[in-house]
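What follows is the residue order along each chain.
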Amino acid sequence: MDKELLALLVCPLCQGKLKYDRDQAELRCHFDGLAYPIRDDIPVMLEEEARVMSVDEKLNKPSLQDGGLSAMGQGSEQKDGQEAGSHKPTA
Ligand SMILES: [Zn+2]
(Lines give C-alpha, C1' and ligand atoms only; values in the text may rest on other atoms or scores of the structure.)
Protein backbone atom coordinates (compact mmCIF):
# COMPACT_ATOMS: atom_id res chain seq x y z
CA MET A 1 0.00 0.00 0.00
CA ASP A 2 1.12 3.44 -0.89
CA LYS A 3 1.51 5.77 2.05
CA GLU A 4 0.17 8.72 0.13
CA LEU A 5 -2.87 6.79 -0.88
CA LEU A 6 -3.33 5.71 2.69
CA ALA A 7 -3.36 9.30 3.83
CA LEU A 8 -6.31 9.95 1.57
CA LEU A 9 -8.35 7.12 2.94
CA VAL A 10 -10.74 7.81 5.72
CA CYS A 11 -13.40 5.77 7.40
CA PRO A 12 -16.66 5.97 5.44
CA LEU A 13 -18.60 6.10 8.68
CA CYS A 14 -16.82 8.66 10.81
CA GLN A 15 -14.38 10.14 8.29
CA GLY A 16 -11.65 9.38 10.79
CA LYS A 17 -8.13 8.32 10.05
CA LEU A 18 -7.50 4.68 9.33
CA LYS A 19 -4.63 2.62 10.53
CA TYR A 20 -3.03 0.26 8.08
CA ASP A 21 -2.28 -3.19 9.37
CA ARG A 22 0.13 -4.80 6.99
CA ASP A 23 0.05 -8.22 8.62
CA GLN A 24 -3.70 -8.55 8.38
CA ALA A 25 -3.99 -6.56 5.19
CA GLU A 26 -6.69 -4.36 6.52
CA LEU A 27 -7.42 -0.80 7.43
CA ARG A 28 -8.69 -0.21 10.90
CA CYS A 29 -10.93 2.48 12.23
CA HIS A 30 -10.45 2.60 15.96
CA PHE A 31 -13.32 4.97 16.39
CA ASP A 32 -15.87 2.54 15.06
CA GLY A 33 -13.94 -0.60 15.88
CA LEU A 34 -14.08 -1.78 12.29
CA ALA A 35 -11.38 -3.23 10.08
CA TYR A 36 -11.74 -2.81 6.34
CA PRO A 37 -10.16 -5.53 4.24
CA ILE A 38 -7.66 -4.89 1.47
CA ARG A 39 -8.18 -7.18 -1.47
CA ASP A 40 -5.70 -7.28 -4.30
CA ASP A 41 -4.22 -4.05 -2.98
CA ILE A 42 -7.59 -2.39 -3.12
CA PRO A 43 -9.08 -1.22 0.13
CA VAL A 44 -12.69 -2.24 0.46
CA MET A 45 -14.24 0.73 2.17
CA LEU A 46 -17.63 -0.76 2.80
CA GLU A 47 -19.19 -1.05 6.18
CA GLU A 48 -20.80 -4.35 5.31
CA GLU A 49 -17.44 -5.80 4.31
CA ALA A 50 -15.68 -4.59 7.40
CA ARG A 51 -14.75 -6.85 10.24
CA VAL A 52 -15.68 -5.91 13.77
CA MET A 53 -12.53 -5.70 15.80
CA SER A 54 -12.12 -7.53 19.05
CA VAL A 55 -11.79 -5.67 22.31
CA ASP A 56 -8.08 -6.39 22.39
CA GLU A 57 -7.64 -4.94 18.97
CA LYS A 58 -9.57 -1.88 19.94
CA LEU A 59 -7.40 -1.35 22.99
CA ASN A 60 -4.40 -1.25 20.77
CA LYS A 61 -5.48 2.12 19.51
CA PRO A 62 -3.34 4.83 18.03
CA SER A 63 -1.88 7.28 20.47
CA LEU A 64 -3.27 10.77 20.75
CA GLN A 65 -0.04 12.22 19.43
CA ASP A 66 -1.03 10.72 16.15
CA GLY A 67 -3.64 13.41 15.82
CA GLY A 68 -6.20 10.67 15.39
CA LEU A 69 -8.76 12.29 17.61
CA SER A 70 -8.64 15.65 15.94
CA ALA A 71 -10.45 14.30 12.92
CA MET A 72 -13.83 14.18 14.54
CA GLY A 73 -15.43 15.30 17.73
CA GLN A 74 -17.37 12.12 18.15
CA GLY A 75 -16.83 10.40 21.46
CA SER A 76 -18.00 6.87 20.97
CA GLU A 77 -15.09 5.69 23.05
CA GLN A 78 -16.11 7.62 26.11
CA LYS A 79 -19.01 5.98 27.74
CA ASP A 80 -20.66 7.26 30.81
CA GLY A 81 -20.10 4.47 33.27
CA GLN A 82 -23.17 5.38 35.21
CA GLU A 83 -24.84 2.04 35.47
CA ALA A 84 -21.67 0.29 36.50
CA GLY A 85 -21.44 -0.33 40.21
CA SER A 86 -25.14 0.02 40.90
CA HIS A 87 -25.41 -3.69 41.45
CA LYS A 88 -24.61 -3.84 45.12
CA PRO A 89 -26.10 -6.47 47.36
CA THR A 90 -28.23 -4.79 49.98
CA ALA A 91 -27.72 -7.31 52.69
ZN1 LIG B 1 -14.83 5.12 11.57
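As the structure is a prediction and not an experimental result, all values here were calculated from the model.

Among the nonpolar cores identified, the biggest contains nine residues, and these are Cys11, Leu18, Leu27, Cys29, Phe31, Leu34, Ala35, Tyr36 and Ala50. Looking at which element gives the most residues to this core, the answer is strand β3 (residues 34-39), with three residues. Every residue in contact with leucine 34, bar those within four places of it in the chain, is listed here: Cys29, Glu47, Ala50, Arg51, Val52 and Met53.

Phi angles above zero are rare outside glycine, and glutamine 15 is one such case at about 60°. Checked against the element boundaries, glutamine 15 lands in the loop between α1 (3-8) and β1 (19-21). On the basis of neighbour count, glutamine 15 is assigned to the exposed category, with 12 C-beta atoms found within 10 Å. Positive phi is not limited to glycine here, since alanine 25 has a value of about 55°. Its location among the elements puts alanine 25 in the loop between β1 and β2 (26-29).

So, about the environment of arginine 28. By the element assignment, arginine 28 lies in strand β2. Arginine 28 sits 30 residues away from lysine 58 along the chain, and the two C-alpha atoms are 9.2 Å apart. Leaving out residues up to four positions away in the same chain, arginine 28 has contacts with Leu18, Lys19, Asp21, Ala35 and Met53.

As a further point, take the pairing of β3. Strand direction decides the pairing type here: β2 and β3, joined by four bridges, are antiparallel. Looking at β3, one finds that glutamate 26 is bridged to proline 37. Hairpin connection from β2 to β3: four residues lie between these consecutive antiparallel strands, with glycine 33 at a positive phi of about 70°. Here two bridges tie β3 to strand β5 (residues 51-52), and the two strands are oriented antiparallel to one another. When the bridges of β5 are listed, alanine 35 appears paired with arginine 51. Bridge count between β3 and strand β4 (residues 42-43): two bridges; the pairing is antiparallel. Note on β4: the bridge partner recorded for arginine 39 is isoleucine 42. Hairpin remark: β3 followed by β4, antiparallel, with two residues in the connecting loop; positive phi at aspartate 40, about 55°.

So, how was this worked out
Residues numbered from 1 in each chain as written. Predicted model: local features only at pLDDT ≥ 70, side-chain atom pairs only at ≥ 80, totals over all residues. Core = buried A, V, L, I, M, F, W, Y, C linked by C-beta atoms within 7 Å. Buried ≥ 20, exposed ≤ 12 C-beta atoms within 10 Å, placed from the backbone. Helix = DSSP H or I, 4+ residues; strand = E, 2+ residues; numbered from the N terminus. Contact = placed C-beta atoms within 7 Å. Pairing = 2+ DSSP bridges.

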